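Here are the chains, one letter per residue:
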Amino acid sequence: MSAAEIARTGVLVRIPSALRSYTRGQDEVVLDAPNLAGMLESLESSFPGIRHRVVDEAGRRRPFVNVFLNEELVMTAFPDVALKPGDIVHILPSVAGG
Amino acid sequence: MVDVASAIKKGSVVVAVGTKKGGFLFHSPDRKKWSVAGPFMTGASVYHMVLDPRDGRTVYAAAPHFAEPWGPGVYRGRAGEQLKPTAAAPKFKEGSNLAVSRVWHVEPGPEDEPETVYAGVEPAALFRSADRGDTWQDIESLNYHSTRKDWQPGGGGLCLHSILVDPKKSKHLVIGISAVGAFESRDGGRSWTTENRGVRAGFMPNKYPEWGQCVHKLAWDASGDGSMFQQNHCGTYHRGPDGGSWTEVTKGLPSEFGFPIAAHPDRKNTAFVAPLIGAENRVFPKGQMAVWKTGNSGKTWRRVSKGLPGPNAYLGVLREGMSTDAEDPLGLYVGTNTGQLFASRDEGDSWKMIADFLPPILSVSGGMAR
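## Some thoughts on the overall build of chain A
Summing up its helical and strand segments, chain A has 3 helices and 5 strands in all. The helix and strand sequence of chain A, counted from the amino end, reads α-β-β-α-α-β-β-β. Taken against the 2.2 N^0.38 rule, which gives 13 Å for 98 residues, the C-alpha radius of gyration of chain A at 13 Å falls within 12% of a compact globule. Along the three orthogonal principal directions, the C-alpha set of chain A runs to about 40 × 30 × 30 Å. Out of the 98 residues in chain A, the part that is buried amounts to 23%. Here the contacts in chain A between residues at least 6 apart in sequence split such that 52% fall between residues at least 24 apart.

Written as structure tokens, this is what we have:
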């Protein structure tokens, strides 16, 4: 999908292979959300259970799961990170090796 | 290496082995020649894996969702086929500010509730599923027990690792938490009592508190009257049918410390332990791996080690590392933290290694394919 197409349709979320059992194999999802917290809610409504893989039930980000917005690692709270059409979000496991 | 389910013949003994890098099913029609299916959940730490005795075909496992970063999971599948995560993992209720970090144990429910499964998790909590693990009920009476704020973890974490479902009374449950102790419910989990009278907490100022004991593993005594065995950080115990105080039965064993305990499924007063030197050195005494057996509720113990490695075998067995089958004579299975699986076809009197070079073994569970 081109950047122009994404900009017209919404936020592009790239789904890691470990979570594609939730998305029925889709490696990309396009959605509309005002911020990263909303993005997770939107994913959850379409693919129940997926949110719990990124944040735990107390709302804390899992320690070795990283979220990148337009290739920048997100360090702040998800509700504080605004999204706009054309943004690309990557959800990736961190390299937890030595 | 993965067999198909049909290769596990009906009537075969199946030993489900969870390791630090995946799960395996060892199976044999005669307990002499063994085959293996797996690995399943490759790369993941499989804390527990069990063949459901109610149908002899469904396998449940406790392992992270594909890999550690993605949180806890419960897996389900037919014996010999790849297991898949159930639709949801256990979760604490909203607002609790608690989050499940790991599933330690999956326990199939009673015979007359074939869809019921229990899960014990870290931080310590019990969950029940009525649909084979796809949705989970937070057992609030235990999980938010009035004592919870003071619960302390054992060396492995604050984990609920033992779940006993009374085969005769399905509402009778007993669970074990490290380092909190045993709790018992007689109303299906609606209410719980602490069940630690007589159990020593040698690391506490008060050596016999109401709770705070470091239970390592619980097992029903086959007497079927609620009697139980317990391996604790501080000794080995038996509790009689009255539901009263535990009796310490460490005398006769080489150490008060060990992790697993397995009871004979049919012969009352009979159990097996694997004592280690102690908390500071969790290997077998004198470099000799050994299992100890009692036939009188721990009044006396007999060492059985023929065929087990040693001397100079400096290894250990973890809390889920020993199990039985239900054959006659009884089969016993022990997995080591150095990746060997040993089997006995004569109630522990002699042993053979049936697998080596596995990843460190976290759990062993015997059953029969149907």
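Next comes the rest of the account.
## What to know about the overall build of chain B
Of regular secondary structure, chain B possesses 1 helix and 28 strands. Its C-alpha atoms give chain B a radius of gyration of 19 Å, within 12% of the compact-globule value 21 Å for 370 residues. For chain B, the spread of C-alpha atoms along the principal axes amounts to about 50 × 50 × 35 Å. By the burial criterion, 54% of the 370 residues in chain B qualify as buried. Sequence-distant contacts in chain B: of pairs separated by 6 or more residues, those separated by 24 or more amount to 51%.

## Here we look at the interface of chain A and chain B
Counting residues at the interface gives 15 residues for chain A and 16 residues for chain B. Of the residues contributing to the side of chain A that touches chain B, the split by class is 6 nonpolar, 4 polar and 5 charged.

## Concerning the pairing of strand β16 (residues 215-220) of chain B
Residues and elements named next belong to chain B. Burial within β16 is extensive, with 6 of its 6 residues counted as buried. Pairing of β16 with strand β17 (residues 228-232) involves 5 bridges; the strand directions are antiparallel. Bridge pairing in β17 links A219 to F229.

## Describing the confidence of the model for chain B
Residues shown with low pLDDT carry predicted positions that ought not to be read at fine detail. The predicted model of chain B has a mean per-residue pLDDT of 95, with 98% of residues at 70 or higher. Here the prediction assigns the complex a pTM of 0.94, and the interface score ipTM is 0.85.

## Section: helix α2 (residues 36-46) of chain A
All names here are of chain A. Among all positions in α2, only L36, M39, L40 and L43 are buried. Looking straight down α2, one finds its buried side chains confined to an arc of 95°; they lie on one side. Looking at the buried positions of α2, the neighbouring elements they touch are β1 (11-14), β2 (28-31), α3 (51-54), β3 (65-69) and β5 (88-93).

## As for the sheet that holds strand β11 (residues 137-138) of chain B
On the basis of which strands lie adjacent, the open sheet formed by 4 strands has the order β8-β9-β10-β11 (chain B) and antiparallel pairing. Each edge of the sheet is formed by a strand with only one pairing partner; in this case those strands are β8 (102-108) and β11 of chain B.

## Examining the nonpolar core
Formed by 103 residues in total, the largest nonpolar core has its most connected members in V17, A61, A62 and A119 of chain B. When residues no more than four places from it in sequence are discounted, the contact partners of A119 of chain B are A62, V74, P90, V103, H105, V106, F127 and W136 of chain B. Core analysis: the next-biggest nonpolar cluster, separate from the first, contains 18 residues, V11, L19, V81 and V89 of chain A among them.

## Looking at the sheet that holds strand β25 (residues 332-335) of chain B
All names here are of chain B. Strand order in this open sheet of 4 strands is β24-β25-β26-β27, and the pairing throughout is antiparallel. Where the open sheet ends on each side, the last strands, each with one partner, are β24 (322-324) and β27 (352-355). Put simply, the sheet's adjacent strands are angled 25° from each other on average, direction ignored. Of the pairings in the sheet, the one linking strand β26 (residues 341-344) to β27 comprises 3 bridges and is antiparallel in character.

## Brief notes about the environment of T300 of chain B
Residues and elements named next belong to chain B. Its place among the elements puts T300 in the loop between β22 (291-294) and β23 (302-304). The exposure class assigned to T300 is exposed, which follows from the 12 C-beta atoms found within 10 Å. Counting along the chain gives 47 residues from T300 to L253, while the straight-line C-alpha distance between them is 8.6 Å. Not counting chain neighbours up to four residues away, the residues in contact with T300 comprise G252 and T294.

Conventions used here
Residues numbered from 1 in each chain as written. Chains lettered and ligands numbered in written order. Predicted model: local features only at pLDDT ≥ 70, side-chain atom pairs only at ≥ 80, totals over all residues. Helix = DSSP H or I, 4+ residues; strand = E, 2+ residues; numbered from the N terminus. Rg over C-alpha atoms; globule rule 2.2 N^0.38 Å. Buried ≥ 20, exposed ≤ 12 C-beta atoms within 10 Å, placed from the backbone. Contact = placed C-beta atoms within 7 Å. Nonpolar A, V, L, I, M, F, W, Y, C, P; charged D, E, K, R; others polar. Pairing = 2+ DSSP bridges. pLDDT = per-residue confidence, 0-100. Arc of directions from axis to C-beta. Core = buried A, V, L, I, M, F, W, Y, C linked by C-beta atoms within 7 Å. Axes fitted to C-alpha atoms, helices over the stretch in contact; angles between N-to-C directions.

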